[in-house]
Amino acid sequence: MAGPNWRREADWERPLLERLGDLPVRFVRWQNQFSAVSAALAAVLALTLIVDLLVGHPHIQRAAVAGWIASYVAFTVLPLAFGRRYPQWLGLVFVVYLTFWSVYNLLHSNHAHMELNALLEAPMIAVYLGWFYRPWLARTALMLHLVLLTLGVAGRPASEDHAFSSELALLYAVLIAGFCLEAASSIRLRAEREAWHDPLTKVLNRRGLSQLGGEAIARARQSGAPLVLAVVDFDDFKAVNDSGGHAAGDDALRACSARWEQGLGEDDLVARTGGD
């Protein structure tokens, strides 16, 4: 306990301005990509409504718009406050919240601005879901969102001041949202693969083995099926590098990994956890 206590005392002994200057750095370090993007999504939507409130238009409900702005500000602050601990289920709660108000505005608002806001949110939600959630969950959530938007457009009261077709705008929103979801999911899967796989041999690295191996252990415990772990260590691997160079060692690792992967079953894993 002496080390941490000493550091805390040393922090308090530093000048106040110096300690305040460290706050932005600590704040940034407290965040991760998920918390930052979650906050950014809510902030963009809040700014959109602020612009609507400032510019104004006929039939605008200022009290309701102010309430939505306050809620989006809250959803901006919440991820930043949680930082790295911001749970993914709260991100889904925000998506459900957006879906509810989008459909509500489509059904109860007779102004084109609110309809456009509801439809333009769909691609942003698609990117968010595809970026941070597994493909099956992201596709299911987006499909429900788009189905509810469709029902909202279908049940929307007729209006003569529309300068565009609601159905055509909905079609554009669906197509763009679908593209955004698949693009974001593809980027996520590629990043996940690079993070979980060894760049030399293309088999799992230590991180990938920890994740997928943990899932395999959980399945084996649940089903009672046997689980076998084989640890392989090359004898005199240094001699291969010394005699043929590191390229020869790399070739040996790639060849062995490829041979082992050829004999894999559906649930089998090969990983590289060390230098050889």
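Scroll up to find the structure this text is about.
In this text, all values refer to a predicted model and were calculated from it rather than measured experimentally. (Residues numbered from 1 in each chain as written. Predicted model: local features only at pLDDT ≥ 70, side-chain atom pairs only at ≥ 80, totals over all residues. Heavy atoms only, no water.)

Trainee: Quick rundown of the overall build of the protein? Include the residues and the values.
Mentor: The secondary structure content of the protein amounts to eleven helices and zero strands. Counting from the amino terminus, the protein carries its helices and strands in the arrangement α-α-α-α-α-α-α-α-α-α-α. Buried positions account for 33% of the 276 residues belonging to the protein. Residue pairs at least 24 apart in sequence account for 71% of intrachain contacts in the protein once pairs closer than 6 positions are excluded. For the protein, the accessible surface area stands at approximately 17,400 Å², while carbon and sulfur atoms represent 64% of it. (Helix = DSSP H or I, 4+ residues; strand = E, 2+ residues; numbered from the N terminus. Buried < 20%, exposed > 50% of the residue type's maximum accessible area, 1.4 Å probe, protein only. Contact = heavy atoms within 4.5 Å. Areas by Shrake-Rupley, 256 points an atom, 1.4 Å probe, with all protein chains shown as cover.)

Trainee: Report on the packing of helix 3 (residues 33-55) against helix 5 (residues 88-108), specifying residues and quantitative values.
Mentor: Look at helix 3 against helix 5: their axes get within 11 Å of each other, and the N-to-C directions meet at 15 degrees. Relative to helix 5, the element helix 3 lies roughly parallel. The crossing of helix 3 and helix 5 is left-handed. On helix 5, the residues touching Phe34, Leu41, Ala42 and Leu45 of helix 3 are Gln88, Gly91, Phe94 and Leu98. Class assignment of the residues belonging to the contact of helix 3 with helix 5 gives a composition of six nonpolar, two polar and no charged. (Axes fitted to C-alpha atoms, helices over the stretch in contact; angles between N-to-C directions. Parallel < 35°, antiparallel > 145°, perpendicular 65-115°, else oblique. Left-handed = near helix turned anticlockwise from the far one by under 90°. Nonpolar A, V, L, I, M, F, W, Y, C, P; charged D, E, K, R; others polar.)

Trainee: Requested: an account of a nonpolar patch on the surface, with residues and values cited.
Mentor: Together, Leu47, Ile50, Val51, Leu54 and Val55 make up a nonpolar patch on the protein surface, roughly 500 Å² of accessible area in all. Along the chain, the position of leucine 47 falls in helix 3. (Patch = residues over 30% accessible without salt bridge, like charges linked within 9 Å, V, L, I, M, F, W, Y side chains within 5 Å. Salt bridge = Lys/Arg side-chain N within 4 Å of Asp/Glu carboxyl O.)

Trainee: Hey, could you go over the packing of aromatic side chains for me, with residue numbers and the actual values?
Mentor: Tallied over the full model, the rule gives 19 aromatic pairs. Taking the centre distance of 5.3 Å and the plane angle of 40 degrees together, the rings of phenylalanine 75 and tyrosine 97 count as tilted. Of this pair, phenylalanine 75 sits in helix 4 (residues 62-82) while tyrosine 97 sits in helix 5, and the two are 22 residues apart along the sequence. The exposure class assigned to phenylalanine 75 is buried, which follows from its relative accessible area of 16%. (Phe/Tyr/Trp six-rings, centres within 6.5 Å; stacked < 30°, edge-to-face > 60°.)

Trainee: Could you give an account of the nonpolar core, naming the residues involved and the relevant values?
Mentor: By size, the foremost hydrophobic cluster in this structure holds 42 residues, and its most contacted members are Phe94, Tyr128, Leu129 and Leu149. Going through the elements one at a time, helix 3, helix 4, helix 5, helix 6 (112-132), helix 7 (135-154) and helix 8 (166-196) are the ones with two or more residues in this core. Per-element accounting of this core gives the leading share, nine residues, to helix 6. Setting aside its immediate chain neighbours within four residues, leucine 149 contacts Ser102, Val103, Leu106, Ala118, Leu119, Ala122 and Leu170. (Core = buried A, V, L, I, M, F, W, Y, C linked by side-chain atoms within 4.5 Å.)

Trainee: With reference to specific residues and values, describe the side chain of arginine 272.
Mentor: In this structure, arginine 272 sits in the segment after helix 11 (246-262). At 3.2 Å, the side chain of arginine 272 forms a polar contact with the side chain of aspartate 198. Each residue touching arginine 272, except ones within four places of it in the same chain, is listed here: Asp198, Leu200, Thr201, Val203, Leu204, Asn205, Arg206 and Leu253. (Polar contact = N/O pair within 3.5 Å; in protein donor to acceptor, adjacent residues only side chain to side chain.)

Trainee: Account for the pattern of salt bridges, with residues named and values stated.
Mentor: Tallying each qualifying case throughout the model produces six salt bridges. Two residues, aspartate 198 and arginine 272, come together in a salt bridge whose shortest N-O distance is 3.2 Å. With aspartate 198 in the loop between helix 8 and helix 9 (206-223) and arginine 272 in the segment after helix 11, the pair connects residues that are 74 residues apart, well separated along the chain. In this structure, aspartate 242 engages lysine 238 in a salt bridge whose closest nitrogen and oxygen atoms are separated by 2.9 Å.

Trainee: Explain helix 4 residue by residue, including any values.
Mentor: In this model helix 4 runs 31 Å from its N-terminal to its C-terminal C-alpha over 21 residues, within 8% of the 30 Å that 1.5 Å per residue would give. Taken together, the buried positions of helix 4 are occupied by Val65, Trp68, Ile69, Ser71, Tyr72, Phe75, Thr76 and Pro79. The buried residues of helix 4 occupy an angular sector of 165 degrees when the element is viewed end-on, so they sit on one face. Facing away from the buried side of helix 4 by more than 90 degrees, the exposed set consists of Ala63 and Ala81. Count one or two residues on from helix 4 and you reach glycine 83, which has phi positive near 60 degrees. (Expected span 1.5 Å × (residues − 1). Arc of directions from axis to C-beta.)

Trainee: A description of unusual backbone geometry should follow, citing residues and the corresponding values.
Mentor: Despite not being glycine, lysine 202 has its phi angle at roughly 70 degrees, a positive value. Relative to the assigned elements, lysine 202 resides in the loop between helix 8 and helix 9. Non-glycine residue aspartate 236 carries a positive phi angle of around 55 degrees. Relative to the elements of secondary structure, aspartate 236 occurs in the loop between helix 9 and helix 10 (237-244). Using a relative accessible area of 61% as the deciding quantity, one classes aspartate 236 as exposed.

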